[in-house]
Amino acid sequence: MSFLICIAALSFLMFVAYRGLSVILFAPIAALGAVLLTAPSEVMPVYSDLFMDKAVVFIKLYFPVFLLGALFGKVIELSGFARSITSSVIQLAGRQRAVLAIVLVCSILTYGGVSLFVVVFAVYPFAAELFRQGNLPKRLIPGTIALGAFTLTMDALPGTPQIQNVIPTSFFGTDIYAAPVLGSIGGAYILLMGMLYLNWRLRQAMRANEGYGTGHTNEPEQAAAGITVHPLVAILPLLVVGVSNWAFTKHVFPAIYLPDPTVTTTSVTLAGLNKPIEVAVKSMIGIWSVEVALVLGILTVLAFAFRTVPSRFAEGSKNAIAGSLLAAVNTASEYGFGAVIAALPGFLVIRDALKAIPNPLVNEAIAVTTLAGITGSASGGMSIALAAMAQQFKEAAVASGIPMEVLHRVASMASGGMDTLPHNGAVITLLMVTGLTHRTSYKDIFAITCIKTSAVFVVIALYYLTGLV
């Protein structure tokens, strides 16, 4: 019964998300409904000290990223940089390669360390302009961005700095470059199959004479008439974000806050404080670096578009801030939901049942992607799975002669599979930013999800057939 309660809560939340209802309202209802059926007296304590606590922690960590990402996307729109880049891409690649162009832009940004949430805000203006000029269906934009930002550069390619590729290092004693051959082949498989799928969908739309469409919501604002921006200037803010994010992550902040590699915290002492504040700097550097990089990106746009953006910045920034607030609270509600479900006895039933799968790599892949799907979070599901089962995975791998690097890559890639079910925070943010709905665009995201999940088992089969790492 406890297992069925967990599944019912998950199914309910996926249903309301697909129907377009607010997960800010229904995530706590789904989570607390499960608690009510499990331990009625614990509903209010769980709500205040678990659901809200986890939601607030998410807001604390990531709201500045959402806010700055939205502002960066907005000034890219207002400056005319989006139109300049998309026009150049059309001239170079042709209108028929718009999908590939957006996938590559998303991949470059995420592989450079830019958060996938930021990529959604930053790339959407380019994607919308490119699809509009090419008269391609807007409903395909979410699937296109998902392929570029949520798949191969998130956790498959070796060296990606995304958190989904970082978490396994602490469990398996590996680094982010683990299993480079398997990861690269898996990434190439995802890119190839994803592009084949999206191009097939595009051909279907063209045969039906379907264009960009009209009456869309949350359309990027058009640049003022007469604005012409050189494409090299237009792409400069994206380069600034990527390069500065890398520089602050790898060099600047570590030199300032972590001169001693063995020390991971720092103390903040100000005259008005009763006691020093202890800050876990090592875990915050990645977030701080993205925030500084986005500020520099925004300033770069303003420096080159100082005549056009300021007059429209007040109204544009209001819309961006409103959008970032909604996206952040949506995702925070999902985070709280996952924390509550993970604490229920039914979730333990699921976790323990997954331990019975005999093959260590298949066991790990199914466990991680299942828990990521239930919690609606790649990093959350993987953290739960590895915290509970990493020792079991390692012991089975050692007995079978499987390197820890392979365990790392399988866990990382599996986390980004079924996590993108309808209630996933990144999916909801993507649809909200693009002004589309689950009903119109989720089927393409789900297809990319299935391709991503299948890639894990392709990698496992390849390892057993060839021994490549």
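Our subject is the structure listed above.
Residues numbered from 1 in each chain as written. Predicted model: local features only at pLDDT ≥ 70, side-chain atom pairs only at ≥ 80, totals over all residues. Heavy atoms only, no water.

Engineer: Describe the overall build of the protein, listing the residues and the values that go with them.
Structural biologist: Summing up its helical and strand segments, the protein has 19 helices and two strands in all. For the protein, whose C-alpha radius of gyration is 22 Å, the value lies close to the compact-globule estimate of 23 Å for 469 residues. For the protein, buried positions account for 52% of its 469 residues. Long-range pairs, those at least 24 residues apart, make up 81% of the contacts in the protein with a sequence separation of at least 6. When the accessible surface of the protein is split by element, carbon and sulfur atoms take 68% of a total near 19600 Å². Side-chain charges in the protein split into 26 positive and 21 negative, and the spacing between the mean points of these groups amounts to 10 Å. (Helix = DSSP H or I, 4+ residues; strand = E, 2+ residues; numbered from the N terminus. Rg over C-alpha atoms; globule rule 2.2 N^0.38 Å. Buried < 20%, exposed > 50% of the residue type's maximum accessible area, 1.4 Å probe, protein only. Contact = heavy atoms within 4.5 Å. Areas by Shrake-Rupley, 256 points an atom, 1.4 Å probe, with all protein chains shown as cover. Lys, Arg positive; Asp, Glu negative; His and termini not counted. Charge placed at Lys NZ, Arg CZ, Asp CG, Glu CD.)

Engineer: Describe the nonpolar core, with residues and values.
Structural biologist: Core analysis: the biggest nonpolar cluster contains 141 residues, and F72, F337 and I341 have the highest contact counts within it. With near-sequence residues (within four places) excluded, I341 lies in contact with C6, A9, A34, F347 and I374. One finds F253, L258, V281 and I285 within the second-largest nonpolar core, a separate group that totals six residues. (Core = buried A, V, L, I, M, F, W, Y, C linked by side-chain atoms within 4.5 Å.)

Engineer: Could you give an account of unusual backbone geometry, naming the residues involved and the relevant values?
Structural biologist: At N135, a residue that is not glycine, the phi angle is positive and equals roughly 55 degrees. Locating N135 in the fold gives a position in the loop between α6 (116-134) and α7 (141-149). One non-glycine residue, A179, adopts positive backbone phi at about 45 degrees. Relative to the elements of secondary structure, A179 occurs in the loop between α9 (163-172) and α10 (180-207).

Engineer: Provide a residue-level description of a nonpolar patch on the surface, including the pertinent values.
Structural biologist: Together, M1, F3, L4 and V349 give the surface a local cluster of nonpolar side chains, amounting to about 420 Å² of exposed area. Tracing the chain through its elements places M1 in the segment before α1 (2-18). A residue is classified by how much of its surface remains accessible, and M1, at 73% relative accessible area, is exposed. (Patch = residues over 30% accessible without salt bridge, like charges linked within 9 Å, V, L, I, M, F, W, Y side chains within 5 Å. Salt bridge = Lys/Arg side-chain N within 4 Å of Asp/Glu carboxyl O.)

Engineer: Describe helix α19 (residues 438-466), listing the residues and the values that go with them.
Structural biologist: Across its 29 residues, α19 extends 40 Å between first and last C-alpha, which sits within 8% of the 42 Å expected from 1.5 Å per residue. Downstream of α19 by one or two residues, G467 has phi in the positive range, about 80 degrees. (Expected span 1.5 Å × (residues − 1).)

Engineer: Explain the packing of aromatic side chains residue by residue, including any values.
Structural biologist: Counting across every chain of the model gives 15 aromatic pairs. Measuring from centroid to centroid gives 5.8 Å for F253 and Y257, while their planes differ by 45 degrees, and the two rings are tilted. Of the two residues, F253 and Y257 are both situated in helix α11 (residues 231-257); the distance of four residues between them amounts to about one turn of the helix. Among the aromatic residues, those joined into a cluster by ring pairs are F58, Y62, F66, F117, F121 and Y335. (Phe/Tyr/Trp six-rings, centres within 6.5 Å; stacked < 30°, edge-to-face > 60°.)

Engineer: An account of the side chain of Q164 is requested, with residue identities and associated values reported.
Structural biologist: Locating Q164 in the fold gives a position in helix α9. Apart from residues no more than four positions distant in its own chain, Q164 is found in contact with M154, D155, A378, S379, M382, S412 and S415.

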